[in-house]
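Each chain is listed here by its residues.
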Amino acid sequence: MTNDEIAHIFNSIADILELKNDNPFRIRAYRKAALVMNDLPDDASRLREKGKLGAIPGIGKDLSAKIEEYVQTGKIATFEELKKEFPEGVLAILSIPGMGPRTSRLLYDTCGIDSIEKLETYARTGRLKGIKGIKDKTIVNILKGIALKRSIQGRFPLGTALPLGEAIRDELKGVRGVGSIELAGSIRRRKETVADIDILVTADELKPLMDRFVQLKDIERVLSHGATRSSAILRGTHIQIDVRVVEKDSFGAALAYFTGSKAHNIKLRELAIKKGFKLNEYGVFDTNNDRKIAGSSEQGVYEALGLQWVPPELREDQGEIELALGHGLPELVAVGDIRGDVHLHTIYSDGNSTLSQMARHAESLGYRYIAITDHSPSLGIARGLDPGKLRSQMQEIDAFNRRSRGIRVLKGMEVDILGDGRLDMDAALLDKLDIVIGSIHSGFKQSGEQITGRLVKAMSTGLVDLIGHPSGRLIGERDAYEVDWGTLFDAAKQYRVAMEINSFPLRLDLSDVMIRKARSRGLKFMTTTDSHDPKQMRYMDYGVSAARRGWLGEGDVVNTKDRKDFVRWLKGDR
DNA sequence: GCCGTTTTCGGCCCGACTGTTTTCAGTCG
């Protein structure tokens, strides 16, 4: 993706400018622009064609020219020049926790340290001693930082971090004097990957809580241990976890503050200043007399600023504050709105439970219907169903429904979209099913044109109701295949095919950003779990979170309909 | 470098923790 490359360059420019001790606001502008680029649903080259580069907030005249330059030439001259000023290794040193621009620059200037390896050697052999401001403790911390960087590479999937955070939160709940306790940060915003876990607490006594936290058996190493804030690294995953204690009457302000995002917070504070207030993690204060106006509840903080309370999933400075000012935020879909899980596997293919086990579990979760959608034959590894097995499964479903007084089971298939765009099952048989999910499971390396062609051809048959995991990505493991999303979404609109929001934590496919893009074209969605086991059905939370991050309401998600209307939709009333 | 319903110039978010200081700078979130 060009956008990622540009974001990376902008961040590198910011790094170099920091080393040069350049104007901090200029540096911030580059950092902000990098964030904006990462969240853009459209490729920069496409935006450039449409002449829309200048319209992106945070990207002004200068930076849009640099983006343009990159799209045309593959390079940004300013960056090429700046790169000459410092060896690449100095930038790598900046990425070590605890190593900022000041120290990195100092060591480069005084000792010529220009790589992490060299830094490590100097630290180990005592050659850093005697440099102004560097004593034994600093040297130990530099070595710790290097080790930490090597152990924690990158971000963690929400599906990994959320359960860990919930477990720690629940352990701390029991500590003497603990009042409110909440997960904050990007976990609360349900971002698909998170860098760390933030926990916010109110407590009558500080010491027992912090002491308990740093002694938890899951803690591998303590990074800091203060009265109101402590940080540690979790065993196994090496994910960082921060615990902060605040006063009861500041809990709401602190929760807002630590939930972020950074861009959302900055906008809130700017709004506060315009109103003659000051906003920090302790509350909203009147600048004239320092009187506290709000702080105990998050709701109160937003109200004091003249805003509607903003659901955490929307807090990315993507227009939510402007809408909250006019109390015009959309009503988001909630997990309780979902009436049926319509992408499930059984022992007929690669699932490990029977259809009645899946149905009974779905019933216990409160669903009104499910769809059994096992694989088609070409997916040999998943023991895909041939026509004969599909027919016998259909009979078993009829039998189940005759017996069942509660939940209804719909007949379906997750049919492979083959390399040439044909569907991997007889059309006549697919036509008898209630729901057909068309998915790509092979030929990931085809060109964007080919993949897009396959998907469009599959939709044009009129047999497919839903495109399964439309991008094919596995978070942190496999990139999305190349797709021309504009063409795909236009075709989906034309053939009235819905997009899946696959809740499997490693997939989350479509992603929040693409959901927003698809929604803007008027597409419909289904949130599903793709469960191969009853236990996996609880993943629906993740898909609904992605839907909320994509600004979807109940009306955008087809499987919020009751059974009759859902089936009516499937039969063509769309 | 961006941005503007008081501004096209002059602003630009705020505090905790650590380590080195002896009143503060650097880093982080």
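The rules behind these values
- Residues numbered from 1 in each chain as written.
- Chains lettered and ligands numbered in written order.
- Predicted model: local features only at pLDDT ≥ 70, side-chain atom pairs only at ≥ 80, totals over all residues.
- Heavy atoms only, no water.
- Helix = DSSP H or I, 4+ residues; strand = E, 2+ residues; numbered from the N terminus.
- Buried < 20%, exposed > 50% of the residue type's maximum accessible area, 1.4 Å probe, protein only.
- Salt bridge = Lys/Arg side-chain N within 4 Å of Asp/Glu carboxyl O.
- Near = heavy atom within 4 Å.
- Polar contact = N/O pair within 3.5 Å; in protein donor to acceptor, adjacent residues only side chain to side chain.
- Nonpolar A, V, L, I, M, F, W, Y, C, P; charged D, E, K, R; others polar.
- Patch = residues over 30% accessible without salt bridge, like charges linked within 9 Å, V, L, I, M, F, W, Y side chains within 5 Å.
- Areas by Shrake-Rupley, 256 points an atom, 1.4 Å probe, with all protein chains shown as cover.
- Lys, Arg positive; Asp, Glu negative; His and termini not counted.
- Charge placed at Lys NZ, Arg CZ, Asp CG, Glu CD.
- Axes fitted to C-alpha atoms, helices over the stretch in contact; angles between N-to-C directions.
- Left-handed = near helix turned anticlockwise from the far one by under 90°.
- Contact = heavy atoms within 4.5 Å.
- Phe/Tyr/Trp six-rings, centres within 6.5 Å; stacked < 30°, edge-to-face > 60°.
- Lys NZ or Arg CZ within 6 Å of the ring centre and 35° of its normal.
- Expected span 1.5 Å × (residues − 1).
- Domains from an automatic or database assignment.
- Buried area = accessible area lost by both parts, 1.4 Å probe.
- Pairing = 2+ DSSP bridges.
- Arc of directions from axis to C-beta.

Visitor: Requested: an account of unusual backbone geometry, with residues and values cited.
Guide: In the segment running from Gly 260 into Ser 261, the intervening peptide bond is cis, with an omega of 0°. Assignment of secondary structure puts Ser 261 in the loop between α13 (251-259) and α14 (262-274). Each neighbour pair has its own omega, and for Asp 509 with Leu 510 the value is 10°, a cis peptide bond. On the secondary structure map, Leu 510 appears in the loop between β16 (498-502) and α22 (512-520). Non-glycine residue Asp 290 carries a positive phi angle of around 65°. Residue classification places Asp 290 among the exposed residues on the basis of a relative accessible area of 57%.

Visitor: Give me the lowdown on the pattern of salt bridges, citing residues and values where you can.
Guide: Enumeration according to the criterion identifies 40 salt bridges in this entry. Lys 248 is the salt-bridge partner of Asp 204, the closest N and O atoms lying 3.4 Å from each other. Residue Asp 204 is located in the loop between β4 (196-203) and α12 (206-215), and its partner Lys 248 is located in the loop between β7 (240-246) and α13; the two are separated by 44 residues in the primary sequence. Here the two residues Asp 204 and Lys 248 agree in accessibility, since each one is exposed. Asp 565 serves as the salt-bridge partner of Arg 568, at 2.9 Å between the closest nitrogen and oxygen. With Arg 568 and Asp 565 both in helix α24 (residues 563-570) and three residues apart, this pair spans about one turn of that helix. Counted as one network, the salt bridges with shared partners bring together Lys 32, Lys 267, Asp 317 and Glu 322.

Visitor: An account of the protein's contact with DNA strand B is needed here, citing residue identities and associated values.
Guide: In the vicinity of DNA strand B lie 43 residues, with Arg 28, Gly 98, Thr 138, Arg 269 and Tyr 282 positioned nearest. Pro 101 places a polar main-chain atom, nitrogen or oxygen, 3.5 Å from a phosphate oxygen of DNA strand B. Broken down by element, the surface near DNA strand B gets its largest block of residues, five residues, from helix α2 (residues 24-38). When grouped by side-chain class, the residues that make up the surface near DNA strand B number 15 nonpolar, 13 polar and 15 charged.

Visitor: Explain a negative patch on the surface residue by residue, including any values.
Guide: Taken together, the side chains of Asp 4, Glu 5, Asp 479 and Glu 482 present a region of like negative charge at the surface. Its place among the elements puts Asp 4 in helix α1 (residues 2-19). Its relative accessible area of 41% is what places Asp 4 among the partly exposed residues.

Visitor: So, the packing of helix α8 (residues 116-124) against helix α9 (residues 136-151): which residues are in play, and what are the values?
Guide: For any two helices packed against each other, one specifies the crossing angle of their axes together with the interaxial distance. Two elements in contact, α8 and α9, have axes whose closest approach is 9 Å; the angle formed by their N-to-C orientations is 145°. Remark: the crossing between α8 and α9 carries left-handed chirality. In this structure, α8 uses Ile 116, Glu 117, Leu 119, Glu 120, Ala 123 and Arg 124 to contact α9, whose residues at the interface are Ile 139, Ile 142, Leu 143, Ile 146, Lys 149 and Arg 150. Taken together, the residues of the contact of α8 with α9 break down into seven nonpolar, no polar and five charged.

Visitor: So, the packing of aromatic side chains: which residues are in play, and what are the values?
Guide: In the structure shown here, the tally under the stated rule is eight aromatic pairs. The interplanar angle of 40° and the centroid separation of 5.5 Å between the aromatic rings of Trp 485 and Phe 489 together place this pair among those described as tilted. On the criterion of helical spacing, the pair formed by Trp 485 and Phe 489 is a turn pair, its members being four residues apart in helix α21 (residues 485-495). In this structure Phe 489 comes out as buried when scored by relative accessible area, which is 0%. An angle of 85° between the planes, with centres 5.4 Å apart, marks the rings of Phe 504 and Tyr 539 as edge-to-face. Linking Phe 504 in the loop between β16 and α22 with Tyr 539 in the loop between β17 (525-528) and α23 (540-549), this pair joins segments that are 35 residues apart in sequence. Among the residues examined, Phe 504 registers a relative accessible area of 24% and is labelled partly exposed. Judged by relative accessible area, Tyr 539 falls into the buried class, the value being 15%. One aromatic cluster is present, built from ring pairs that chain together Phe 504, Tyr 539 and Tyr 542. Directly above the ring of Tyr 122 sits Arg 127, whose terminal nitrogen or CZ lies 4.3 Å from the centroid. Geometry around Trp 569 places Arg 574 over its ring, the cationic atom sitting 4.0 Å from the centre.

Visitor: Could you give an account of α9, with specific residues and numbers?
Guide: A rise of 1.5 Å per residue sets the reference length of α9, with its 16 residues, at 22 Å; its end C-alpha atoms lie 23 Å apart and thus fit the reference within 8%. By the burial criterion, the buried members of α9 are Ile 139, Ile 142, Gly 145, Ile 146 and Leu 148.

Visitor: I'd like to hear about the domain arrangement of chain A, residue by residue, with values.
Guide: When the domains of chain A are assigned, the result is domain 1 (2-151), domain 2 (156-246), domain 3 (256-325) and domain 4 (335-570). Across the contact, nine residues belong to domain 2 and ten residues belong to domain 3. At the boundary of domain 2 with domain 3, total buried surface from both sides reaches about 820 Å², with 54% on carbon and sulfur atoms. Among the residues domain 2 hides against domain 3, the three largest losses belong to Arg 188, Arg 189 and Arg 244. Together they make up 68% of the total. Here domain 2 is connected to domain 3 by two salt bridges. Where domain 2 meets domain 3, there are five residue pairs in polar contact (both at pLDDT 80 or more). Looking at the side of domain 2 that touches domain 3 element by element, the count peaks at three residues for helix α11 (residues 185-188). Grouping the amino acids of the side of domain 2 that touches domain 3 by side-chain chemistry returns two nonpolar, two polar and five charged.

Visitor: Describe in detail the sheet that holds strand β6 (residues 229-234), supporting the description with residues and values.
Guide: Read from one edge of the open sheet, five strands run β2-β4-β7-β6-β5, paired in mixed fashion. Of all the strands in the sheet, just β2 (178-184) and β5 (219-225) have a single pairing partner and so form its edges. Averaged over all pairs of adjacent strands, the angle between strand axes in this sheet comes to 20°, irrespective of strand direction. Pairing between β6 and β7: five bridges, direction antiparallel.

Visitor: Give a description of the sheet that holds strand β11 (residues 340-344) that names residues and reports values.
Guide: Ordered by their spatial adjacency, seven strands build an open sheet running β11-β12-β13-β14-β15-β16-β17, and the pairing between neighbours is parallel. Lying at the two open borders of the sheet, with one neighbouring strand each, are β11 and β17. Relative to strand β14 (residues 435-439), strand β13 (residues 408-416) runs parallel, the two sharing five bridges. Considered in β14, the bridge of Glu 414 is made with Ile 437. Here α24 sits on the sheet in contact with β11, β12 (369-375), β13, β14, β16 and β17, set at roughly 30° to β13.

Visitor: Can you break down α24 residue by residue, with the values?
Guide: Among the residues making up α24, those that are buried are Phe 566, Val 567, Trp 569 and Leu 570. Burial along α24 is one-sided: seen end-on, the buried residues are contained in an arc of 155°. The inward-facing, buried residues of α24 abut β11, β12, β13, β14, β16 and β17. Taken from the residues just after α24, Gly 572 is the one with a positive phi, measuring 125°.

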